2 protein chains.
Amino acid sequence: MSERVLVDQLQSREDGPVSISGWVETVRDQKKVQFVILRDETGAVQLVNPATRPDPDGGEQDADALALTALISELSTGTFLTATGELKHDERVKLGGVEIKLAGLEVAAAALPETPIASDSGLDKRMDWRFIDLRQRRNALIFRVSTTFEHAMRSYWVENDYVELHTPKLMSTPAEGNAELFALEYFGEQTAYLAQSPQHYKQMAQAAGFGKIFEIGDVFRADPSFTSRHATEFTSVDAEISWIDSYDDVARMQEELLATAIQAVADKHGAEIKELFDIDVVVPTVPFPRIPLAEAREIVAARGYAIPRTDGDLDPEGERQISAHALETYGHEFVFITDYHPEIRPFYHMRNAETGLTNSYDLLFKGVEITTGAQREHRIDVLEAQATEKGLSLEGLEHYLDFFRYGVPPHGGFGMGLARVLMLMFGQDSIREVTFLFRGPTRLAP
Amino acid sequence: MSERVLVDQLQSREDGPVSISGWVETVRDQKKVQFVILRDETGAVQLVNPATRPDPDGGEQDADALALTALISELSTGTFLTATGELKHDERVKLGGVEIKLAGLEVAAAALPETPIASDSGLDKRMDWRFIDLRQRRNALIFRVSTTFEHAMRSYWVENDYVELHTPKLMSTPAEGNAELFALEYFGEQTAYLAQSPQHYKQMAQAAGFGKIFEIGDVFRADPSFTSRHATEFTSVDAEISWIDSYDDVARMQEELLATAIQAVADKHGAEIKELFDIDVVVPTVPFPRIPLAEAREIVAARGYAIPRTDGDLDPEGERQISAHALETYGHEFVFITDYHPEIRPFYHMRNAETGLTNSYDLLFKGVEITTGAQREHRIDVLEAQATEKGLSLEGLEHYLDFFRYGVPPHGGFGMGLARVLMLMFGQDSIREVTFLFRGPTRLAP
């Protein structure tokens, strides 16, 4: 068998014999000529075959040619095959300016004739048949971009001497002491909980003296909501660093990280994202704008939107409004909102001694929150008091609190939902579109 | 506050004022002079302070000097602090040839005076206090090496156009249809299972036309065993590629991957691994030796070891024997064992039409299995027959089998336990030593 050539290598290749492998996107079975559009992970190419039909008058014909024509007539969409033939450059061919005159086809696995979904099927139906849905170029691109984005983030961290962690997802106690926890029987005696975040453990790494750490891994939320932004399992991008002076050290790391990673995406995929999604990937400048929450609420009010929430936070429309403000005022798609009231923050956020507000931020991207970051409270007495104030049992937090009793540096970090970033980057309405296999309250398969 | 300098930057820095941050490793509180060994994530340095004690005769003394001396006398091991002072190069100082004459100390968090473990405490006790255990230079190095190793693997894949996946860990059906599954109630109505491997989903990515994929992620096994090689949760390194001709295409990718990643480890950490573990990191040459299982058993028998297993597989001592053979014969720490009988392989391994053996391999490293790889059966009729033969219910495999009904390329891949590789690389007896936080049947905390 001759060596497989990828479709995106064809244009720069000289005319001559070639072998490509992929799946059938369409077949045009005309009387005198047959066309097959074959797609692989790099592109699509037209295969052409002069049809040889059985002679109605019973005249003799080339058996191989008859067989090839019959094989093409029977090809179903999605059939994976290897095609051999003669590559020919031809400007008139719209698809890449090349075509392959077929010499032979070897079917690896024939698809059932009826494809259960079309590209315009409903989202839920497409998720039932996600492996077919992902054959679409637009959908596959999302995961190539995600690969580039993640690798650029990890490269940034590795170049800056961070340690990569894989924290456990099975825990004996809830990580944040609240609801939305999946529980399971653990060898008949214990109950294990699925981690909602690596929060405890990335802080533990600070007490271990690791200095700077990151993790990109799965987290779980038994969250019954069906919104377009929530999932019961998702990929969390986390980092935590020691010896910070302020949460702003965390924010500065995150903005550098994102600028670097989005630059990598723009460089490698900008043109294709523009072509397929009509979106310009804007590489953000640093620093990102920063607006204290109280000021953000005033700005939103001045824009004529009355936030209905009474807890002092922004609501989704408030987030869109303040993002619109940041775009109009600073030309920026990102904005940090800072200084949240402790009531709407977890107990482990450090509080400013003067204002009483937390040393924390949310990061909004194109109007949606993608991150919470903070300096953590590392003083055990203050931490215990804040936990008690929130009504948490110190006993349930025993293992976590131990991390602070035997020495710990000042530290802080952030957590970021990968799918949210991708959803916004691609202008999608739902994280389902940018998740390989979405998991929700009624979605555990395939 | 002056800018933090890392300990490993001190040697190349000129004498003068400096600020460093880390934790107290030891204090030598002599009458006339005090020494503190301070460690950070890059090394350790000696701090020195001429002691100023209260004058027994009540003479007046510098209050700041008295306070600093008293503070040092009270320092407990593990206390995290920032030290400022004058850096001085001095050849007589064994620890790096530098010391810092203290001007001031700022304690970030004082450790409780009694450290609950020592470096020679038992493994279980050390795991109870893992965050203290990880402050040891040897233990921390393992995770820096793991970071380098993983990043080199991902870089290899990204440079070769692989797509990174995050497959779901919550599944509606068992992935491989056998025992050792964790189950949990899912919103009161359904049962979810925790993925034992990404096997189904990395194959799904092949049906989706992704071509080449990788994932480094968590998997779960409700395995009640207490061996040094097993855990209930571990990090699995997985890859899967399309359009292979044979399982050997997978083996070739894996050996290139490992040679590249181990080269990166040797380059960056070889000297430190030698210093702390007395182990030479050997960069493997490619190709790795390959020995069919039947031949391996003969070689082991000829070496005088009678394998007690009757199923045709190697046992742990057999694996050590064949690895010793590979080292003696080929000078190689790795060896592929190939062509396993279907009875000891999962149903989805493709079988050789002539021999009836599976197109699969195990990879041994220093005498221990670290990987199973295989070409997968992609023909739906054969796959169904092999599943039925293994006593599996096709109904339970419905979603998986769908991947093969709508077209799929020939494909194969491997799964590799990250902790096993690290355990062997560092000559450790247990994966517990190389796992950030081990999870076993009786170990869910911290």
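Quantities reported herein were computed from a predicted structural model and do not represent experimental measurements. (Residues numbered from 1 in each chain as written. Chains lettered and ligands numbered in written order. Predicted model: local features only at pLDDT ≥ 70, side-chain atom pairs only at ≥ 80, totals over all residues. Heavy atoms only, no water.)

**Considering the overall build of chain A**
Looking only at helices and strands, one finds 11 helices and 16 strands in chain A. The dimensions of chain A, computed from C-alpha atoms along their principal axes, are 95 × 60 × 40 Å. Expressed as a percentage of contacts within chain A between residues at least 6 apart in sequence, the contacts between residues at least 24 apart total 63%. Element-wise, carbon and sulfur atoms account for 49% of the exposed surface of chain A, whose accessible area totals about 18000 Å². (Helix = DSSP H or I, 4+ residues; strand = E, 2+ residues; numbered from the N terminus. Contact = heavy atoms within 4.5 Å. Areas by Shrake-Rupley, 256 points an atom, 1.4 Å probe, with all protein chains shown as cover.)

**Points about the packing of helix α9 (residues 380-389) of chain A against helix α10 (residues 398-405) of chain A**
Residues and elements named next belong to chain A. Close contact between α9 and α10 brings their axes to 9 Å; oriented N to C, the two are set at 155°. Looking at the two axes, α9 sits roughly antiparallel to α10. Across the interface between the two elements, I380, L383 and E384 of α9 pack against Y400, L401, F404 and R405 of α10. When its residues are assigned to classes, the contact of α9 with α10 shows five nonpolar, no polar and two charged. (Axes fitted to C-alpha atoms, helices over the stretch in contact; angles between N-to-C directions. Parallel < 35°, antiparallel > 145°, perpendicular 65-115°, else oblique. Nonpolar A, V, L, I, M, F, W, Y, C, P; charged D, E, K, R; others polar.)

**Brief notes about empty space enclosed by the protein**
One pass over the full model with this rule turns up 11 cavities of 30 Å³ or more. Together, 22 residues line the largest cavity, and H166 of chain A together with T235, V434, T435 and F436 of chain B are the ones closest to its centre. Listed by contribution, the elements that provide at least two residues to the lining of the largest cavity are α4 (137-159), β11 (233-242) and α11 (418-425) of chain B. When grouped by side-chain class, the residues that make up the lining of the largest cavity number 12 nonpolar, five polar and five charged. Here the second largest cavity defines a volume of roughly 200 Å³. (1 Å grid on protein atoms, 1.4 Å probe; cavity = no way out; pocket = protein on both sides within 12 Å on 5 of 7 lines; lining within 4 Å. Points joined across faces, edges and corners; volume = space filled by probe spheres on them.)

**Overview of the pairing of strand β4 (residues 80-89) of chain B**
Residues and elements named next belong to chain B. Judged from the eight bridges that link them, strand β1 (residues 16-29) and β4 form a sheet pairing that is antiparallel. Bridge pairing in β4 places V18 opposite G85. Judged from the 10 bridges that link them, β4 and strand β5 (residues 98-109) form a sheet pairing that is antiparallel. Directly across from A83, in β5, lies its bridge partner L105. (Pairing = 2+ DSSP bridges.)

**Concerning the pattern of salt bridges**
Residues and elements named next belong to chain A. In this structure the tally under the stated criterion is 68 salt bridges over all chains. Residues R137 and E272 are paired through a salt bridge, measuring 3.4 Å at the closest nitrogen-oxygen approach. With R137 in helix α4 (residues 137-159) and E272 in helix α6 (residues 247-277), this pair connects stretches of sequence that are 135 residues apart. For R137, a relative accessible area of 32% translates into the label partly exposed. It is possible to trace a salt-bridge network through shared partners that takes in D248, D249, R252, E255 and R290. (Salt bridge = Lys/Arg side-chain N within 4 Å of Asp/Glu carboxyl O. Buried < 20%, exposed > 50% of the residue type's maximum accessible area, 1.4 Å probe, protein only.)

**Regarding the packing of aromatic side chains**
Enumeration according to the criterion identifies 47 aromatic pairs over all chains in this entry. With 5.5 Å between their ring centres and 35° between their planes, W23 of chain B and F80 of chain B make a pair best called tilted. With W23 of chain B in strand β1 and F80 of chain B in strand β4, this residue pair connects regions lying 57 residues apart in the sequence. When the ring centre of Y340 of chain A is taken as origin, the NZ or CZ atom of R345 of chain A, which lies over that ring, is 3.7 Å away. (Phe/Tyr/Trp six-rings, centres within 6.5 Å; stacked < 30°, edge-to-face > 60°. Lys NZ or Arg CZ within 6 Å of the ring centre and 35° of its normal.)

**Examining the relation of the copies chain B and chain A**
For these two chains of identical sequence, chain B goes onto chain A by a turn of 180° and a shift of 0.0 Å along the axis, with RMSD 0.1 Å. Considering both components of the superposition, the chain copies are consistent with a two-fold axis. Rotation axis and chain B: the residue whose C-alpha lies nearest the axis is L184 of chain B, separated from it by 2.5 Å. Take the interface residues of chain B: 100% of them recur as interface residues in chain A, which is what a same-surface contact looks like. (Least-squares fit on C-alpha atoms with pLDDT ≥ 70 in both.)

**Some words on the UniProt feature "binding site: L-aspartate" (unreviewed entry) in chain A**
Residue and element names in this part refer to chain A. The positions UniProt marks with the feature "binding site: L-aspartate" (unreviewed entry) are E176, R221, T372 and R376. As for its placement among the helices and strands, R221 is situated in the loop between β10 (212-220) and β11 (233-242). Dropping the residues within four chain positions of it, R221 is found in contact with E180, F182, Q196, S197, A231, T232 and F234. Among the polar contacts listed, one links the side chain of R221 to the backbone oxygen of Q196, at a separation of 2.9 Å. (UniProt positions renumbered as here; feature names shortened; annotations may be inferred. Polar contact = N/O pair within 3.5 Å; in protein donor to acceptor, adjacent residues only side chain to side chain.)

**Observations regarding the sheet that holds β5 of chain B**
Residues and elements named next belong to chain B. If you walk around this closed barrel you meet the five strands as β1-β2-β3-β5-β4, and the pairing is mixed. Along the sheet, successive strands turn relative to each other by an average axial angle of 50°, direction set aside. Seen against the sheet, helix α1 (residues 63-74) touches β1, β2 (33-40), β3 (43-50) and β5 and runs at an angle of roughly 75° to β5.

**What to know about the interface of chain B and chain A**
With 96 residues of chain B in contact, the opposing surface of chain A contributes 96 residues. Taking both partners together, chain B and chain A bury about 8000 Å²; carbon and sulfur atoms supply 67% of that area. Summed over the three residues of chain B that lose the most area to chain A, namely W243, Y406 and L444 of chain B, the buried surface amounts to 11% of that side. For the salt bridge of R154 of chain B with E164 of chain A, the shortest nitrogen-to-oxygen distance reads 2.7 Å. Scanning the region where chain B abuts chain A turns up 37 residue pairs in polar contact (both at pLDDT 80 or more). The element contributing the most residues to the side of chain B that touches chain A is α4 of chain B, with nine residues. Looking at side-chain class alone, the side of chain B that touches chain A contains 54 nonpolar, 21 polar and 21 charged residues. (Buried area = accessible area lost by both parts, 1.4 Å probe.)

**Structural notes on the UniProt feature "binding site: ATP" (unreviewed entry) in chain A**
All names here are of chain A. In this structure's numbering, the residues bearing the UniProt feature "binding site: ATP" (unreviewed entry) are E369, G417, L418, A419 and R420. Spanning 52 residues, the named residues nonetheless gather at one spot, since no C-alpha pair among them exceeds 11.8 Å. For the second largest cavity, the lining residues drawn from the annotated set are L418 and A419. In this structure, G417 sits in strand β16 (residues 411-417). With a relative accessible area of 14%, G417 lands in the buried category. Setting aside residues no more than four positions away along its own chain, G417 makes contact with T235 and I370.

**A short note on α4 of chain B**
All names here are of chain B. For α4, which comprises 23 residues, the first-to-last C-alpha distance of 33 Å matches the rise-based estimate of 33 Å (1.5 Å per residue) to within 8%. Buried residues dominate α4, accounting for 20 of its 23 residues. At the exit of α4 stands D161, carrying a positive phi of roughly 65°. (Expected span 1.5 Å × (residues − 1).)

**Some details on the environment of E14 of chain A**
Structurally, the position occupied by E14 of chain A is in the segment before β1 (16-29). In this view, E14 of chain A contacts L87 and H89 of chain A; residues no more than four positions away in its chain are not counted.

**A closer look at the environment of F131 of chain B**
Counting through the fold element by element, F131 of chain B comes out in helix α3 (residues 130-133). For the pair F131 of chain B and F436 of chain B, spaced 305 residues apart in sequence, the C-alpha separation works out to 9.1 Å.

**Let's talk about the environment of D362 of chain B**
All names here are of chain B. Mapped onto the elements of the fold, D362 is located in strand β14 (residues 360-365). Among residues more than four places away in sequence, those in contact with D362 are V335, F336, I337, Y340, R345, E369, T371 and T372. Within the local environment of D362, its side chain forms a polar contact with the side chain of T372, the two groups lying 2.9 Å apart.

**Quick notes on the sheet that holds β1 of chain A**
Hydrogen bonds between backbone groups are what pair the strands of a sheet, and the pairing can be parallel or antiparallel. Around the barrel, which closes on itself, the five strands sit in the order β1-β2-β3-β5-β4 (chain A) with mixed pairing between neighbours. Across the sheet, the mean angle separating the axes of adjacent strands is 50° when strand polarity is ignored.

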